[in-house]
Amino acid sequence: MKDFAKFLFVCGFAFGFANANDAECLGGDAKECFASAKAYEQSGDNAKAQEFYQKACELNYAVGCNKAGAIFASKQENKNAKTLYLKACDLNHHESCVNLGEIYENEGNCNKASEIYKDTFENKKFKPAQAKFEALVGNEKCMSDEIKRQKEEAQKEIDAKIKALKPLEALEDKACEPGDGRKYYLQGINYENNQTVSEAVMLKVFQKSCDCGEAKSCDEVANIYMKNYNNLSSKDRETALNATKRACDGNIVTGCQKQIVATERSMGIFDIKDRQEKERKIDELKEKIVVLTANHEKLCKAGSGLENALNCHWLADFYLSTGRDHEVAEAARLYDRACGLDINGSCYMVGKIYLDGHNSRTNPDDTINVDFGKARAFYRKACDADVKIACKNLGALYTLSEFEKDCDANSSDACLQAGKMHAHGNESERYFQYIAPNLAKAQEFYKKACELNNYEACNIWGMNAAEIEYKKESYKYDEAKNALFKACDNGIEKACANLEKWIELRDLENSCEKDSAEDCFKLGELYWNGYGRNAYMIHIKPDGRKATKAYKKACELGNMRACNYAGNVYYKGDVVRQDYDIALEFYHKACEGEYASACRNAGAMYYDGVGVEKNMAKATEYYGEGCDLGDNSERYNSCEMYKKAKNAK
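Rules used throughout
Residues numbered from 1 in each chain as written. Predicted model: local features only at pLDDT ≥ 70, side-chain atom pairs only at ≥ 80, totals over all residues. Heavy atoms only, no water. Helix = DSSP H or I, 4+ residues; strand = E, 2+ residues; numbered from the N terminus. Contact = heavy atoms within 4.5 Å. Areas by Shrake-Rupley, 256 points an atom, 1.4 Å probe, with all protein chains shown as cover. Patch = residues over 30% accessible without salt bridge, like charges linked within 9 Å, V, L, I, M, F, W, Y side chains within 5 Å. Salt bridge = Lys/Arg side-chain N within 4 Å of Asp/Glu carboxyl O. Lys, Arg positive; Asp, Glu negative; His and termini not counted. Charge placed at Lys NZ, Arg CZ, Asp CG, Glu CD. Buried < 20%, exposed > 50% of the residue type's maximum accessible area, 1.4 Å probe, protein only. 1 Å grid on protein atoms, 1.4 Å probe; cavity = no way out; pocket = protein on both sides within 12 Å on 5 of 7 lines; lining within 4 Å. Points joined across faces, edges and corners; volume = space filled by probe spheres on them. Nonpolar A, V, L, I, M, F, W, Y, C, P; charged D, E, K, R; others polar. Phe/Tyr/Trp six-rings, centres within 6.5 Å; stacked < 30°, edge-to-face > 60°. Lys NZ or Arg CZ within 6 Å of the ring centre and 35° of its normal. Expected span 1.5 Å × (residues − 1). Arc of directions from axis to C-beta. Polar contact = N/O pair within 3.5 Å; in protein donor to acceptor, adjacent residues only side chain to side chain. Disulfide = S-S within 2.5 Å.

Draft legend 1. Layout of the overall build of the protein chain. A count of helical and extended segments in the protein chain gives 35 helices and 0 strands. The contacts of the protein chain with a sequence gap of at least 6 include a subset with a gap of at least 24, amounting to 53%. Carbon together with sulfur atoms contributes 47% to the accessible area of the protein chain, which is approximately 32,700 Å² in total.

Here it is in structure tokens:
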């Protein structure tokens, strides 16, 4: 009897509650625990069902975790539900992963829900999670206040653009006024540069400009249509060819060049059946091009006004379009001049020429060597003027060495970019040297960027550091944790999501320091059990000593359950020196505070004579106290043991 009572006591400590009726469940059979839970559920005893589902869960039976989580979720006890769903998810019960995501979604934590759904369908191949992931898009309840604010700001910007574009809706019906042709042309070029409207809107603007007499806009209309000429309707083909003719008639050299091509190919209105007439027309157009190039060149050099700059740009477009070897250098020269006269598209074009380079086959003087420095300078000017494609290309021009150099000069963004290049490597040898992935090197740059207050880098560095510690099984998370807190505290939501359990731990520590008995007890629970999920920052290594310290403080502040737990720790002697006197002292205090399990534990010590002289009178007294406090729900409870102790006197 002594050994059996002691065995019951130890089991009671391990599970934190009295033993199950089912012997197989008591012996550690998770399926029997689950079967008992199902039976209780069918009989309508949800409290007992929940208890046994949790016991099955503690024995790593995933379905038990899921069922227990569902019961908590039905009672809106989300914290407990999430804990159980998370354990089931980690045990590869995919439905639980989705259930966990749904709780976060309903709480409005869109990032966390998205992360769970995405991991479940990408890594665990559970298709229902994909549907949940896709359904998150636009879900108002799942948006944070900041995301909603950003969405509202974005909508305001869109509304402003729509408002600005509304006058364009009636462009076809609006009469042309002096200067409208050039005005609409410049507006269309601006749209083309900053990519704020669709191609259909640009076409409408250029068409109106063309109708108002701006010949270059007719050429732009032709350019838009010609991109997809073979798939155009006969009406649109006719429009494109008419625009080409109007451009050439308006003395735009690129328009005449298009007309030559169209005539050679007998396209639409330029289909001339008579061979001699066709050759005559082409020769006529070529002669006109010679005159027009001279005129464009003359106007380009004549001054520094808008008209001069545009003629430089238009002639450069022509030279680049011919494909003739020696004219690429001419195009670069003209784009350079136009860029200097604030034609922003020209800055992008000359930057592209320096990026690609040109090896002249006919004249070495016309060779343009690849020059990243010049390309970057021109792209930078274009990007600053909101030429979007220039901004996209600008980032590709920095080599790793340049990022590292700028990082040495304390550019946090350069440190971040250098870290990314080291982390992911680069196999392209055109713009960069080959870079082998090197996480250790990347971490050096991420860490410096974080120290320079680049909070994105703090998140990346912290997550990588946590994963490295996890793989080493050293679990020294202090530096990683500090970096993630820095990122989280400065608006990086992903860092906050990754820190979820650590944030809870920090809050509990702060609350415990302020003498909250309940939070000291919760802190002890978290330290005792630890918390682990995958290889990331949420992993918290169990720490029995810190748990004991928290239990003792909670006990001092009047939490009797914590007193009982502290007694268990000293009774077992696994994380502190075993001391039955201290254990009994904590049990006495908890029992006096009317915590029934502590009365039973004290009674067991006197019953078995563990750490004290065997004393049936004392055992009877404490078992009686436990029974009076309601410890009578299991087979070997205080009431049952009270009878045994009384009869053994």
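We are not done yet, so read on.
Draft legend 2. Spotlight on a negative patch on the surface. Residues Glu594, Glu621, Glu625 and Asp628 make up a contiguous surface patch of negative charge. Looking at where Glu625 falls in the secondary structure, it is placed in helix H34 (residues 616–628).

Draft legend 3. A look at the environment of Ala480. Along the chain, Ala480 falls in helix H26 (residues 478–489). We classify Ala480 as buried; its relative accessible area is 1%. A sequence separation of 17 residues divides Ala480 from Met463, and the C-alpha atoms of the two residues are 6.8 Å apart.

Draft legend 4. How the structure looks around the layout of surface pockets. As a volume, the second largest pocket reaches approximately 830 Å³. Lining the second largest pocket we find 32 residues, and of these Ile189, Glu192, Asn193, Glu220 and His313 sit closest to its centre. Among the secondary structure elements, those contributing two or more residues to the lining of the second largest pocket are helix H11 (180–194), helix H13 (215–226), helix H15 (253–264), helix H17 (306–322) and helix H19 (344–356). Among the elements that take part in the lining of the second largest pocket, H11 stands out by supplying 6 residues, more than any other. A per-class count over the lining of the second largest pocket returns 14 nonpolar, 9 polar and 9 charged.

Draft legend 5. Quick peek at the packing of aromatic side chains. Counted under the stated rule, the structure contains 15 aromatic pairs. Where Phe521 meets Tyr565, the ring centres are 5.4 Å apart and the plane angle is 70°; that geometry is what we call edge-to-face. Of this pair, Phe521 sits in helix H29 (residues 517–529) while Tyr565 is found in helix H31 (residues 560–572), placing the two residues 44 residues apart along the sequence. Each member of the pair, Phe521 as well as Tyr565, is classed as buried. Relative to Tyr623, the ring of Tyr607 lies with its centre 6.1 Å away and its plane at 65°, an arrangement referred to as edge-to-face. Within this pair, whereas Tyr607 is found in helix H33 (residues 596–608), its partner Tyr623 is found in helix H34, the two being separated by 16 residues in sequence. Given a relative accessible area of 6%, Tyr607 falls into the buried group. Grouped by ring-pair contacts, the aromatic residues Phe34, Tyr53 and Tyr61 constitute a single cluster. Positioned above the aromatic ring of Phe52, the side-chain terminus of Lys55 is 4.5 Å from the ring centre. Across the ring face of Tyr184, the terminal group of Lys183 is positioned such that the distance to the ring centre comes to 4.9 Å.

Draft legend 6. Local environment of helix H32 (residues 580–592). In a regular helix each residue adds 1.5 Å, so 13 residues correspond to 18 Å; H32 covers 18 Å between its end C-alpha atoms and thus fits that length. Here H32 has its buried residues at Ala583, Leu584, Phe586, Tyr587, Ala590 and Cys591. One side of H32 holds all its buried residues, which, seen down the axis, span an arc of 160°. Opposite the buried face of H32, by more than 90 degrees, sit the exposed residues Asp581, Glu585 and Glu592. The N-cap of H32, judged by a side-chain oxygen 3.1 Å from the amide nitrogen of Asp581 a few residues on, is Asp579. Remark: Glu594 follows H32 within two positions and exhibits a positive phi of approximately 65°.

Draft legend 7. A look at the state of the cysteines. Throughout the structure, instances matching the rule amount to 14 disulfides. Here Cys591 connects covalently by a disulfide to Cys599, the sulfurs 2.1 Å from one another. Since a negative S-S torsion denotes a left-handed disulfide, the Cys591-Cys599 link at about 100° is right-handed. A sulfur-sulfur separation of 1.9 Å characterises the disulfide bridge that pairs Cys627 with Cys639. Disulfide Cys627-Cys639: the torsion about the S-S bond is 95°, which places it as right-handed. Remark: Cys639 occurs in helix H35 (residues 638–647) and Cys627 occurs in helix H34; sequence separation between them is 12 residues. With relative accessibility at 14%, the residue Cys639 sits in the buried group.

Draft legend 8. Quick look at the pattern of salt bridges. Per the counting criterion, the structure on display carries 32 salt bridges. Taking the shortest distance from any N to any O, the salt bridge between Lys67 and Glu41 comes out at 3.7 Å. Taken together, the residues span a long stretch of sequence, with Lys67 in helix H5 (residues 62–74) and Glu41 in helix H3 (residues 30–42) at a distance of 26 residues. Since its relative accessible area comes to 25%, Lys67 is described here as partly exposed. For Lys82, the salt bridge is made with Glu107, and the minimal N-O distance between the two is 3.1 Å.

Draft legend 9. Seen up close, the side chain of Thr322. In this fold, Thr322 is placed in helix H17. At 2.9 Å, the side chain of Thr322 forms a polar contact with the backbone oxygen of Tyr319.

Purely geometric numbers; function is a separate question.
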